Amino acid sequence: MTDRRRINGPSDGTTPIVYAGVPKAKQLPPRAPDALRKIFLKTSLTPPATGSSFLELPSPAPAGTPTLKLTASVYGPRPLPPSAPFSPHARLTAELKFAPFSTPHKRRGYVRDAVERDLSVQLQNALVKSIKTAAYPKSGIDIFITVLDCEGGLDGDDDDGVEVGLMNVLAGAITCASAAVADAGIECVDLVSGGVAALVRRAPAGGDAMDVDLPAPVVVLDPSPADGGQVVSAAVVGYMAGRDEVTLLWTKGAMETADQGGDELDLLMDGAITTATAVRLVLNEAVKERLLLGIARSRLKKEGGGDVLMS
Amino acid sequence: MTTMLLFPGDVVPELPTPQKTNTALKVGPGLTYTPPDKVVAHRVGELHVDDRKCAVWMEGNGKRYIPSLNDAVIATVLRSTSDSYILAIPSSTSPAPASIQALLPHLAFPQATKKTRPILHPGCTVYARVSLANKHMDPELECYDAESQKAEGFGELKGGMVFNVSLGMARRLLGDGKKIRQLQLRARKAEGTEAEGGEISNGMEVLEELGRVLAFEIAVGRNGRVWVDSEDTKVTLCVGSCIQKSEYLTGDEQRALVREALRKL
């Protein structure tokens, strides 16, 4: 007699599902510490949004290697609902969400977690300084970022060093959101681009892990969690290249500041700014590509087209 | 002539020098002037400099319409209050409820009195002129021409169909492309390269070509809406789709598109 009050299992039993093993990430060819990965950035891909963009890093990525894929869509400036209190500036909201399938080895929930909320606030702080919010009173500008794929490196930090995965996501999100803002034609004083730099200690080839003489860490621009090596400390900046202003700085790990007699913080910041300046060139090219498409009507020759790649 | 593209934060490299001493520099949308001689771009776009009028402005292609004075727009009636209609000015992407709301006073029609005012029902399409545009207040509309005080085509649009285009396309359809074309021709003349660079489109070839063969009525709103009406629904749809398709086409391609569409009609 089956119990009607509980949900019974199937009578004939099932076999557990066997998944194919997760393919191991391929080792990428080593990069020079100051070499940046190529970025793919394209705007106006979400038709209903006022402005939108898609970012992929690195591009082209060999199959099986982890990549960072982000989409950004901007809605607005649109009128705030009548219930909202009066605001003389535009209200900017940024929302960053990881897709459930975005992280390797682990599915993420649909409800916003603490990491997503933290990144959203940082993103909002990085962007709000660039947008002329006073030009749009009583309106709201909503920015939505969806992380479609990320490179991993999202676990907590341990004695072995810090993880740069979240920093890469944030830097990518800043760049992607700026491209979408420019695509939407919202007035802004400058475009913000994100850049990451890290102090990485690479194990000497064939050396003993217990070797007392550890090599000095070097500044690596645009570090990837797949690169290997022990990341001692890392920094991400939101940088307005036209005005030479930093809108956001987030650092992790142990570093010596100037008053402690070291220059590690300055080195990291300079590295991150160098990355962000280079990323700004990609940002400009991506925005230009869409604009030229509209201008091409007046010339016989069609310009632009094709991927925007950073060399 | 090369196109000059500017990004937010870029400084305008050379400003036009006034030909007469008393002409002031006119700074158009998308640019901000910082005394004494710095003009910074705040939007992505193509920079245009008119030396004769001593003006600089940015030409971009947004999707969101921001009302400005004397713009002709196509708006939708939402409801009526005791002394005015509430209208929505939709942009090319936003649906009516999420758009800017505007006021159209009951008396803002030619020769309207309290007793003889046109009755507009919710959902009506109206072609109107922006009479008050201020970022802190809701815009106000009028259905008559500012100079002649006559309708001049403004008022309710009966029948027909409304099509969406981008804001840049709407501006070109209203003839802004012609001005820019003249500027470019003048620049070419100055450089002595008239024969090179091919034809410059004014963005309106599609309308000129359609108007030569078909009979239809059209109203273009700067908010990226185009209203088309004709005796035959087929003609209305043909005109609308030709306009929507010609956004990224050169003058010759636009003519070819229209010829193809007319052949199928």
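Model, not experiment: these values are computed from the prediction.

## Structural notes on the overall build of chain B
In terms of helices and strands, chain B carries five helices and 15 strands. In terms of overall size, chain B behaves like a compact globule, its C-alpha atoms giving a radius of gyration of 20 Å where 265 residues would be expected to give roughly 18 Å. If you line up chain B on its principal axes, its C-alpha atoms span 60 × 50 × 35 Å. Pairs at least 24 residues apart make up 65% of the contacts formed inside chain B by residues separated by at least 6 positions. As presented, chain B carries roughly 13,600 Å² of accessible surface, and 52% of it is formed by carbon and sulfur atoms.

## Details of the UniProt feature "domain: K Homology" (unreviewed entry) in chain B
Under the local residue numbering, the UniProt record ascribes the feature "domain: K Homology" (unreviewed entry) to residues 206-233 of chain B. Across residues 206-233 of chain B one finds 32% helix and 36% strand; the C-alpha atoms that close the span lie 19 Å apart.

## Let's talk about the packing of aromatic side chains
Residues and elements named next belong to chain A. Scanning all chains against the criterion turns up three aromatic pairs over all chains. Between the aromatic rings of Phe40 and Phe54, the centroid separation amounts to 6.2 Å while the plane-to-plane angle is 65 degrees, which identifies the pairing as edge-to-face. Placement of the pair is Phe40 in strand E1 (residues 40-43) and Phe54 in strand E2 (residues 51-57), with a sequence separation of 14 residues. Seen from their ring centres, Tyr75 and Phe144 are 6.0 Å apart, and the 70 degrees between their planes marks the pair as edge-to-face. Remark: Phe144 occurs in strand E5 (residues 139-149) and Tyr75 occurs in strand E3 (residues 68-79); sequence separation between them is 69 residues. Directly above the aromatic system of Phe98 lies the positively charged group of Arg108, at a separation of 4.3 Å from the ring centroid.

## Details of the interface of chain A and chain B
Of the residues lining the interface, 38 residues belong to chain A; the matching set on chain B comes to 36 residues. One can count one salt bridge joining chain A with chain B. The salt bridge partner of Glu187 of chain A is Arg43 of chain B, with a shortest N-O separation of 3.4 Å. Residue assignment for the side of chain A that touches chain B shows that the elements contributing at least two residues are E3 and helix H3 (264-295) of chain A.

## Details of the packing of helix H3 (residues 205-213) of chain B against helix H5 (residues 251-264) of chain B
Two quantities define a packed helix pair, namely the angle between the axes and the distance from one axis to the other. Residues and elements named next belong to chain B. Where H3 meets H5, the closest approach of the two axes is 8 Å, and the angle between their N-to-C directions is 35 degrees. Helix-helix and strand crossings are classified by hand; for H3 and H5 the assignment is right-handed. In this structure, H3 contributes Glu205, Val206, Glu209, Leu210 and Val213 to the contact, and H5 contributes Gly251, Gln254, Arg255, Val258, Arg259 and Leu262. For the contact of H3 with H5, a count of residues per class yields five nonpolar, two polar and four charged.

## Points about the pattern of salt bridges
All names here are of chain A. Per the counting criterion, the structure on display carries 20 salt bridges over all chains. Here Arg37 makes a salt bridge to Glu151, at a shortest N to O gap of 2.6 Å. Of this pair, Arg37 sits in the segment before E1 while Glu151 sits in the loop between E5 and helix H2 (165-184); the two residues are 114 residues apart in sequence, bridging distant segments of the chain. For the pair shown, Arg37 and Glu151 are each scored as buried.

Calculation rules
- Residues numbered from 1 in each chain as written.
- Chains lettered and ligands numbered in written order.
- Predicted model: local features only at pLDDT ≥ 70, side-chain atom pairs only at ≥ 80, totals over all residues.
- Heavy atoms only, no water.
- Helix = DSSP H or I, 4+ residues; strand = E, 2+ residues; numbered from the N terminus.
- Rg over C-alpha atoms; globule rule 2.2 N^0.38 Å.
- Contact = heavy atoms within 4.5 Å.
- Areas by Shrake-Rupley, 256 points an atom, 1.4 Å probe, with all protein chains shown as cover.
- UniProt positions renumbered as here; feature names shortened; annotations may be inferred.
- Phe/Tyr/Trp six-rings, centres within 6.5 Å; stacked < 30°, edge-to-face > 60°.
- Lys NZ or Arg CZ within 6 Å of the ring centre and 35° of its normal.
- Salt bridge = Lys/Arg side-chain N within 4 Å of Asp/Glu carboxyl O.
- Axes fitted to C-alpha atoms, helices over the stretch in contact; angles between N-to-C directions.
- Left-handed = near helix turned anticlockwise from the far one by under 90°.
- Nonpolar A, V, L, I, M, F, W, Y, C, P; charged D, E, K, R; others polar.
- Buried < 20%, exposed > 50% of the residue type's maximum accessible area, 1.4 Å probe, protein only.

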